[in-house]
Amino acid sequence: MPHKVICPVCGKHEFEHVNDYDICKSCGWENEEFFEEGGVNKLSLSDFQKRYRIYVYLNPRYSWEKNGYPELTAKDRCTYWHQYSVSNRQSVLSSKQCGCFFCKKIFDSTLVSEHYINDKDGATAVCPFCGVDSLLPDSSVELSTELLDVMYQVWFGW
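Note that the structure is predicted; figures quoted are calculated from it, not measured. For every chain, the first residue of its written sequence is number 1, and the numbers climb from 1 along that sequence. Given that this is a predicted model, residues contribute local features only at a pLDDT of at least 70 and side-chain atom pairs are listed and counted only at 80 or more, while totals for whole chains, interfaces and linings are drawn from all residues. To get the side-chain values, take all heavy atoms of the structure and skip hydrogens and water.

Enquirer: Just give me the short version of the environment of Asn88, but keep the residues and values in it.
Expert: Numbering of helices and strands runs from the N terminus, with a helix taken as a DSSP run of H or I at least four residues long and a strand as a DSSP run of E at least two residues long. Its location among the elements puts Asn88 in the loop between helix 3 (74-82) and helix 4 (89-93). The exposure class of Asn88 is buried, given its relative accessible area of 1%. Taking the C-alpha atoms as reference points, Asn88 and Tyr152, 64 residues apart in sequence, are found 18 Å from one another. Discounting chain neighbours no more than four positions away, the residues touching Asn88 are Ala123, Thr124, Ala125, Leu135 and Pro137. A simple rule labels every residue: compare its accessible area, found with a 1.4 Å probe on the protein chains alone, to the largest value its type can have, and call it buried under 20%, exposed over 50%, or partly exposed in between. The contact definition used throughout considers only heavy atoms, calling two residues in contact when any of these lie within 4.5 Å.

Enquirer: Talk me through the packing of helix 3 against helix 5 (residues 145-155); I want residue IDs and the actual numbers.
Expert: It is at 10 Å that the axes of helix 3 and helix 5 come closest, and there the two elements cross at 100 degrees. What the angle tells us is that helix 3 and helix 5 run roughly perpendicular. For the pair formed by helix 3 and helix 5, the contact residues are Ala74, Lys75, Cys78, Thr79, Trp81 and His82 on the first element and Leu147, Val150, Met151, Val154 and Trp155 on the second. Under the convention adopted here, Pro, Cys and the residues Ala, Val, Leu, Ile, Met, Phe, Trp and Tyr are nonpolar, Asp, Glu, Lys and Arg are charged, and Gly plus all remaining residues are polar. Looking at the contact of helix 3 with helix 5 residue by residue, the class counts come to 8 nonpolar, 2 polar and 1 charged. Lines fitted to C-alpha atoms define the axes, with helix axes restricted to the stretch in contact, and inter-axis angles between N-to-C directions lie between 0 and 180 degrees. With respect to orientation, any angle under 35 degrees is reported as roughly parallel, any angle over 145 as roughly antiparallel, any angle of 65 to 115 as roughly perpendicular, and every other angle as oblique.

Enquirer: Give a detailed account of the layout of surface pockets, specifying residues and quantitative values.
Expert: The definitions used throughout rest on a 1 Å grid laid over the protein atoms alone, on which a cavity is an enclosed set of points accommodating a 1.4 Å probe that cannot get out and a pocket is an open set flanked by protein within 12 Å on both sides along at least five of seven lines; lining residues are those having an atom within 4 Å of a point. Grid points are joined across faces, edges and corners, and a volume is the space filled by probe spheres set on the points. Of the voids in this model, the largest pocket is the one considered here, and its volume is about 380 Å³. Around the largest pocket, the lining comprises 15 residues; the ones closest to its centre are Lys50, Ile54, Tyr80, Trp81 and Glu142. Contributions of two or more residues to the lining of the largest pocket are made by helix 1 (45-58) and helix 3. Here the lining of the largest pocket is composed, by residue class, of 8 nonpolar, 1 polar and 6 charged.

Enquirer: Account for the sheet that holds strand 3 (residues 97-100), naming residues and giving values.
Expert: Pairing between strands requires that DSSP locate at least two bridges from one strand to the other. Spatially, the 3 strands line up as an open sheet ordered 4-3-7, and their pairing is antiparallel. Both outer strands of the open sheet, strand 4 (106-108) and strand 7 (135-137), are each paired with one neighbouring strand and no more. Geometrically, the sheet is characterised by an average inter-axis angle of 30 degrees between neighbouring strands, direction not taken into account. Sheet topology places strand 3 next to strand 4; 3 bridges connect them, and they run antiparallel. Each residue of the ladder has a partner; that of Gly99, found in strand 4, is Ile106. Strands strand 3, strand 4 and strand 7 of the sheet are contacted by helix 5, whose axis makes an angle of about 145 degrees with strand 7.

What follows is the structure in structure tokens.
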């Protein structure tokens with residue numbers, strides 16, 4: 001009896017066989033055993049999953065079969081990452097570092113301590129240096145000065 005495999009990217013498609021090179025209609029992942037960059041999917045499994053999450057966040061009805069792989073702009077990526085700067089108290093508490101995309105500082109998350117504003121979905125962390133609610137926790141994004149620069153340009157454009 002053949003061993004069916006669930007799509008490792010979206011979990012919405014069931015491949016008939018292991019490594020059958022079938023393509024998932026939901027996300028476009030080609031079913032192969034090579035999960036690192038450079039296989040038939042070109043991206044690693046991890047990068048493919050990240051790209052798919054961005055597509056679905058920007059368009060909840062996204063389907064590879066209908067939409068293909070649209071080019072993601074800096075604004076698209078920032079729109080996706082921005083979700084992690086809102087109602088983020090729990091994420092900040094579970095992070096080692098936070099980055100503020102207003103003052104562009106990366107710092108130990110314990111410095112946030114009581115710097116929160118209440119919102120409808122919980123509490124949003126506020127930067128202890130500049131007082132702006134533009135914090136990204138490292139438990140949700142890969143922090144870098146480049147990310148903070150891009151976020152600043154997209155959200156504040158100064």
